[in-house]
Amino acid sequence: MPKNKLFFAMMTGVIIATSARADSTLETLGNMTQVIVPAYAAGLAIAEPGWTGAKQFAAQFVATEVTALGLKTIINEERPDKSDKNSFPSAHTAAAFSGAFFIHKRYGWKKALAPYALAGFTAFTRISEKKHYFHDCLAGAAIAALYNWAFVDALGDGSVVTVSGDTHGAQLNFNMRF
């Protein structure tokens, strides 16, 4: 099956599945954006010649989600709506920001503006629908950022974020070409 047809089939199935469980329109939109952002990032990666971008996307996405879901089972923080003890961290926010950070790191900050807005919207819906606290969403975004910095290489003239550290401290650098 060609890469574009495979991508379209996967994206359609996931969006349908995630929108079926929501209690409100806002929650439905948040469920959809948590899929649309990484799906868009995956589509960009799949459209590249070869499989390097797709492999890097898959590595950071799987690592992000496994970490987020694993921490949920270990930490057991009760949700604001008291529905269960899977609040920390927000896997929805982690998924959405994994796509936005991937696009930023691989293709540059300009292509990531709309995905960042949609990822932020995902976090907003999780907080406003009382599924997560602010710190849950912040942690989900941080997990996504960490794995993108670790697994994704910049393609072309985008901005670059680097993290380094030693026993005396840590450093975060952001470089951008205008």
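Residues numbered from 1 in each chain as written. Predicted model: local features only at pLDDT ≥ 70, side-chain atom pairs only at ≥ 80, totals over all residues. Heavy atoms only, no water.

Student: Please provide a residue-by-residue account of the overall build of the chain, values included.
Tutor: Counting its regular elements, the chain contains six helices and two strands. In the chain, the succession of helices and strands from N to C terminus is α-α-α-α-α-α-β-β. Taking contacts inside the chain between residues at least 6 apart in sequence as the whole, the part at least 24 apart equals 66%. Summed over its atoms, the accessible surface of the chain is roughly 9600 Å², and 67% of this surface lies on carbon and sulfur atoms. (Helix = DSSP H or I, 4+ residues; strand = E, 2+ residues; numbered from the N terminus. Contact = heavy atoms within 4.5 Å. Areas by Shrake-Rupley, 256 points an atom, 1.4 Å probe, with all protein chains shown as cover.)

Student: How would you sum up the pattern of salt bridges? Please name residues and give values.
Tutor: The full count for this structure, using the stated rule, is five salt bridges. A salt bridge links E78 to K82; the nearest nitrogen and oxygen atoms lie 3.9 Å apart. For E78, a relative accessible area of 33% translates into the label partly exposed. Across the salt bridge formed by D84 and R79, the nearest N and O atoms sit 2.7 Å from each other. (Salt bridge = Lys/Arg side-chain N within 4 Å of Asp/Glu carboxyl O. Buried < 20%, exposed > 50% of the residue type's maximum accessible area, 1.4 Å probe, protein only.)

Student: Go over helix 4 (residues 91-107) with me, naming the residues and quoting the values.
Tutor: Counted at 1.5 Å a residue, the expected span for helix 4 with its 17 residues is 24 Å, and the 24 Å between its end C-alpha atoms agrees. Looking one or two residues beyond helix 4, the residue adopting positive phi is G108, at roughly 110 degrees. (Expected span 1.5 Å × (residues − 1).)

Student: Break down the packing of helix 4 against helix 6 (residues 134-151) for me, citing the residues and quoting the values.
Tutor: Remark: helix 4 packs on helix 6, axes separated minimally by 8 Å, with the N-to-C direction vectors making an angle of 35 degrees. Here helix 4 runs over helix 6; the crossing is right-handed. Two secondary-structure elements touch here, helix 4 through T93, A94, F97, S98, F101, F102 and K105 and helix 6 through C137, G140, A141, A144, A145, N148 and W149. Taken together, the residues of the contact of helix 4 with helix 6 break down into nine nonpolar, four polar and one charged. (Axes fitted to C-alpha atoms, helices over the stretch in contact; angles between N-to-C directions. Left-handed = near helix turned anticlockwise from the far one by under 90°. Nonpolar A, V, L, I, M, F, W, Y, C, P; charged D, E, K, R; others polar.)

Student: Requested: an account of unusual backbone geometry, with residues and values cited.
Tutor: A cis amide bond, omega -10 degrees, links F88 with the succeeding residue P89. Checked against the element boundaries, P89 lands in the loop between helix 3 (52-75) and helix 4. You will see that K130, though not glycine, has its phi angle at about 60 degrees, which is positive.

Student: Account for the environment of A95, naming residues and giving values.
Tutor: You can see A95 is positioned in helix 4. In sequence terms A95 and V35 are 60 residues apart; their C-alpha atoms lie 7.2 Å from each other. With sequence-adjacent residues up to four places away left out, A95 is seen in contact with Q34, P38, F61 and E65.

Student: Go over the environment of F102, please, and point to the residues and values.
Tutor: Turning to its location among the elements, F102 is positioned in helix 4. Sequence separation between F102 and F151 is 49 residues, and the spatial gap between their C-alpha atoms is 9.4 Å.

Student: So what's going on with the packing of helix 2 (residues 25-47) against helix 5 (residues 109-128)? Residues and values would help.
Tutor: Their axes nearest at 8 Å, the elements helix 2 and helix 5 cross at an angle of 150 degrees. Between helix 2 and helix 5 lies a crossing of left-handed hand. Residue-level inspection shows L26, E27, L29, G30, N31, T33, Q34, V37 and Y40 of helix 2 in contact with helix 5, the latter providing P115, L118, A119, F121, T122, F124, T125, R126 and S128. A class-by-class count of the residues in the contact of helix 2 with helix 5 yields nine nonpolar, seven polar and two charged.

Student: With reference to specific residues and values, describe the packing of aromatic side chains.
Tutor: For the coordinates displayed, the defined rule picks out eight aromatic pairs. For the pair F97 and Y116, a centre-to-centre distance of 6.4 Å together with 45 degrees between the ring planes defines the contact as tilted. Taken together, the residues F97 in helix 4 and Y116 in helix 5 connect sequence positions 19 residues apart. The class of Y116 is partly exposed, set by a relative accessible area of 22%. A ring pair is formed by F102 and Y107, whose centres lie 5.9 Å apart and whose planes are at 75 degrees; its orientation type is edge-to-face. Pair check on accessibility: F102 and Y107 agree, each one buried. (Phe/Tyr/Trp six-rings, centres within 6.5 Å; stacked < 30°, edge-to-face > 60°.)

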